[in-house]
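Close look at the chain arrangement
Listed below are the residues making up each chain.
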Amino acid sequence: MATPLPGANFEGNPPAPPQPPGTDMTGICFRDQLWLNSYPLDRNLIFDYFALSPFYDWTCNNEQLRLRSIHPLDLSHLSKMTGTEYMLNEVVEPNLFVIRKQKRDSPEKVNPMLTYYILDGSIYQAPQLCNVFAARVGRALYHISKAFSTAASKLEKIGYEEGEGVISESKVTKEVIDIKEVKRIDHILASIQRKLPPAPPPPRFPDGYVPPQTTEAEKGSETQQGTESQPPAVDPIIDQGPSKRMKF
């Protein structure tokens, strides 16, 4: 079978100008049902089907191999060339084919550019990872903002009802207090307080520090105030016993 002209369609019209490398074409999809009804989707013919799509770059090395009647995915020939090329990255016949566009600088060095996938006969351009992250973060921020707006509106409504004197059912319901549970919590807190170590002494002044000078009158007033306000010299945590609660 003769190889058709590069990019020529069934009517013989010239192909559309190719898109420049790096163009975002994630919003379009290509599917040729006539070709799918005539040929199977396998690793030998999938590149011919991909070449019909607007994602195909006619200046690639694969097209040069096609013009020389060589299979366009022949790695033994592609590795000897430099420039833009397409490689079949993953294959799950006949449903999924992943094609990677890359730039070859040497037989061992290639730089990935774009990725395309053919899912059940429809060809798509895979979005770049940064765009995926930006979309996911934007969606998360939208839902978080919406949740805060909903919570704020409900809090405003609750505050309005309280200001108007409206008593909700939750406030009308009496809270039942279990006296045994209260005593049990007091006992637990008291045992924890007894196990705590005493407060550490205050840190020493650094070397060379001179405390501010005070007059005799200020010293006398401070001593008198300290004597009047100073509690007994007991540890506030260890010797005060369990916390007191109101009796019900």
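Sequence order as written defines the numbering, with residues in each chain counted from 1. Totals for whole chains, interfaces and linings use every residue, but because this is a predicted model, local features are given only for residues with pLDDT of at least 70 and side-chain atom pairs only at 80 or more, for both listing and counting. Side-chain measures were taken over the full set of non-hydrogen atoms in the model, leaving aside hydrogen atoms and water.

**Regarding the pattern of salt bridges**
By salt bridge we mean one thing: a side-chain nitrogen of Lys or Arg within 4 Å of a carboxyl oxygen of Asp or Glu. Under the criterion given, the structure shown has five salt bridges. The salt bridge involving lysine 101 is made with aspartate 57; its shortest N-O contact spans 3.8 Å. Placement of the pair is lysine 101 in strand E2 (residues 96–104) and aspartate 57 in the loop between helix H2 (46–50) and helix H3 (61–67), with a sequence separation of 44 residues. One salt bridge in this structure joins arginine 66 and glutamate 63, with 3.3 Å as the shortest N-O distance. A residue pair is termed a helical-turn pair when its members lie 3 or 4 positions apart in one helix, as arginine 66 and glutamate 63 do in helix H3 at three residues. Take arginine 66: its relative accessible area is 13%, and that puts it in the buried class. Residue classification places glutamate 63 among the buried positions, given a relative accessible area of 5%. Beyond isolated ion pairs, a larger network of salt bridges with shared partners links Asp48, Glu63 and Arg66. Helix and strand assignments follow DSSP, with helices taken as H or I runs no shorter than four residues and strands as E runs no shorter than two, numbered in order from the N terminus. Only protein chains enter the accessibility calculation, which uses a 1.4 Å probe; a residue whose area is less than 20% of its type maximum is buried, one above 50% is exposed, and one in between is partly exposed.

**Some details on the packing of aromatic side chains**
The geometry of an aromatic ring pair is captured by the separation of the ring centres together with the interplanar angle, meaning the angle of the planes. Any two rings among Phe, Tyr and Trp, with Trp reduced to its six-membered ring, count as a pair given centres within 6.5 Å; such a pair is stacked if its planes are under 30 degrees apart, edge-to-face if over 60, and tilted if neither. Counted under the stated rule, the structure contains 14 aromatic pairs. When the centroid spacing of 4.7 Å and the interplanar angle of 85° are considered together, the rings of tyrosine 56 and tryptophan 58 count as edge-to-face. Through a chain of ring-to-ring contacts, the aromatic side chains of Phe47, Phe50, Phe55, Tyr56, Trp58, Tyr86 and Tyr116 assemble into a single cluster.

**Let's talk about the environment of threonine 84**
In this fold, threonine 84 is placed in strand E1 (residues 83–92). Judged by relative accessible area, threonine 84 falls into the buried class, the value being 18%. Sequence separation of threonine 84 and methionine 113 is 29 residues, and the distance between their C-alpha atoms is 9.1 Å.

**Looking at the pairing of E1**
The pairing of E1 with E2 spans nine bridges and is classified as antiparallel. Opposite valine 92, over in E2, you have leucine 96 as the bridge partner. Between E1 and the antiparallel strand that follows it, E2, lie three residues. We treat two strands as partners when DSSP finds at least two bridges between them.

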